[in-house]
Amino acid sequence: MSHLHPLDENDPLAAKRDAFCLPNGVIYLDGNSLGVLPAHVPERMQHVVEKQWGESLIRGWNEHDWIDLPQKVGNRIGRLVGAEQEAVVACDSTTINVFKVVSAALALRPGRKVILSDNGNFPTDLYMAQGLADLLAKDHELRIVSPEDVADAITDDLAVLMLTEVDYKTGRRHDMKALTEKAHAVGALAIWDLAHSAGAFPVDLSGSNADFAIGCGYKYLNGGPGAPAFLYVAPRHQNDIRPALTGWMGHDAPFAFDLDYRPAEGINRMGVGTPPVLSLSALDAALDVFEDVDMEVLRRKSISLCEYFIAQVEDRCPEMELVSPRDAELRGSQVSFGFAEGYALMQALIANGVIGDFRAPDTVRFGFTPLYLSHADVARAVDVLEKILSTRMWDMDEFRMRRKVT
């Protein structure tokens, strides 16, 4: 950072900025969508490709423990989300893992038919629940309510409560422990999507008594585009569930090549196909940056960055309407504002070196990753935002042209 902001003095995470490859002239406020490349990952990947794959070939599965990467990486993520040992496995995509945990949960509650979620949940979770209900053809119902109505909608006909802890669009944060307790009180199970939680602030799956959780590796965990996801199964359920996707990596003895499926013990039964060694290795390396990070310290800096951003935007850019909760305890590590021409505004910001993203119909999102962001970055980002708004720079044809990815 070129100029130290007063709020950045004595920042215990300041040195972490050097652990990331940040392009010159870019203020990156989109780590909630795709994390920044950790500086040491390219060297790790070169070693995995050239030495491990290139020289060991098929022997790499044993010589470099490729076969155990899902469990190794899962345990490293587990530390960040408050999971017990051997309760998290890194595998597949978030979407596939939704199918796996919802199907497992429904099987544990065979007499119930309702899956409860909210309209702030990420659509892929809802799509998979809808598709699973159709596939089962047993009259299951996906019941969708507003986030603020979830608690009152937890009734005794509920099989599964399926929520994303932090709303992808607004940053609104659910109370995991309280809602899980309420679900358990009526005999239901709780599934939590941690896509916008893991690596962003402290999560306590065990302390919250969650039943299942899923999340992705490419946002705050910085695992790279399309990085493997992860899933959590509380130890009390692990040997009672029978996976709907019965792949060979979930078999008790994959290399016995039995013709009949027999589930592995514990979390390993949630595996399906061959581990993606290259992408798992990148995620494993990326997690190194968290080894000495106190997540409570990270959370305090996150709140400070977000609070400063909100205050500056509201003071200098009155055209913007805050859509995230004002109370920091009710937010994740992102801030969203509404603006009628939000897509064009975000494209103008990106063209001027401030990268956030847009979610239809009119929400601009700004993610705050304390490991590599400073208050000085926030101040400069608001300078750019104020200039674009005051000059109506966003009102140009080039910024209105919609691209495939927003």
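Residues numbered from 1 in each chain as written. Predicted model: local features only at pLDDT ≥ 70, side-chain atom pairs only at ≥ 80, totals over all residues. Heavy atoms only, no water.

J.: In this structure, what is going on with the overall build of the protein? I would like to understand it.
T.: The helix and strand tally for the protein stands at 14 helices and 13 strands. For 406 residues, the compact-globule estimate of 2.2 N^0.38 gives 22 Å, and the protein sits close to it at 22 Å. Taken along the three principal axes of its C-alpha coordinates, the protein extends 65 × 55 × 40 Å. The 406 residues of the protein split such that 55% are buried. (Helix = DSSP H or I, 4+ residues; strand = E, 2+ residues; numbered from the N terminus. Rg over C-alpha atoms; globule rule 2.2 N^0.38 Å. Buried < 20%, exposed > 50% of the residue type's maximum accessible area, 1.4 Å probe, protein only.)

J.: I'm lost on the packing of aromatic side chains in this one. Help?
T.: Two measures describe an aromatic ring pair: the distance that separates the ring centres and the angle between the ring planes. Considering all chains together, one arrives at 11 aromatic pairs under this definition. Note on Trp248 and Phe257: the rings are 6.2 Å apart at their centroids and 20° apart in plane angle, and the pair reads as stacked. Centroid distance Phe309 to Phe366: 4.9 Å. Interplanar angle 55°. Geometry classified as tilted. Separated by 57 residues along the polypeptide, Phe309 in helix H11 (residues 295–316) and Phe366 in strand E13 (residues 363–367) bring together distant segments of the chain. We note that Phe309, like Phe366, is buried. (Phe/Tyr/Trp six-rings, centres within 6.5 Å; stacked < 30°, edge-to-face > 60°.)

J.: Please explain the UniProt feature "modified residue: N6-(pyridoxal phosphate)lysine" (unreviewed entry) in the protein as it appears in this structure.
T.: In the numbering used here, UniProt assigns the "modified residue: N6-(pyridoxal phosphate)lysine" (unreviewed entry) feature to Lys219. Beyond its immediate chain neighbours, meaning those up to four positions away, Lys219 contacts Gly31, Asn32, Ser33, Leu34, Gly35, Ala195 and His196. (UniProt positions renumbered as here; feature names shortened; annotations may be inferred. Contact = heavy atoms within 4.5 Å.)

J.: What am I meant to see in the sheet that holds strand E2 (residues 88–90) here?
T.: Strand-to-strand pairing in sheets goes through backbone hydrogen bonds, with the strands running parallel or antiparallel. Read across the sheet, seven strands follow the order E2-E8-E7-E6-E5-E3-E4 without closing on themselves; strand pairing throughout is mixed. Each end of this open sheet is capped by a strand with a single partner; those strands are E2 and strand E4 (141–145). Neighbouring strand axes in the sheet, compared pairwise and without regard to direction, differ in orientation by 20° on average. Pairing geometry for strand E3 (residues 114–118) and strand E5 (residues 158–164), over three bridges, is parallel. Along E5, the bridge assignment pairs Val114 with Leu158. Those strands touched by helix H4 (residues 94–108) are E3, E5, strand E6 (189–193), strand E7 (212–215) and strand E8 (230–233), and its axis lies near 170° from that of E7. (Pairing = 2+ DSSP bridges. Axes fitted to C-alpha atoms, helices over the stretch in contact; angles between N-to-C directions.)

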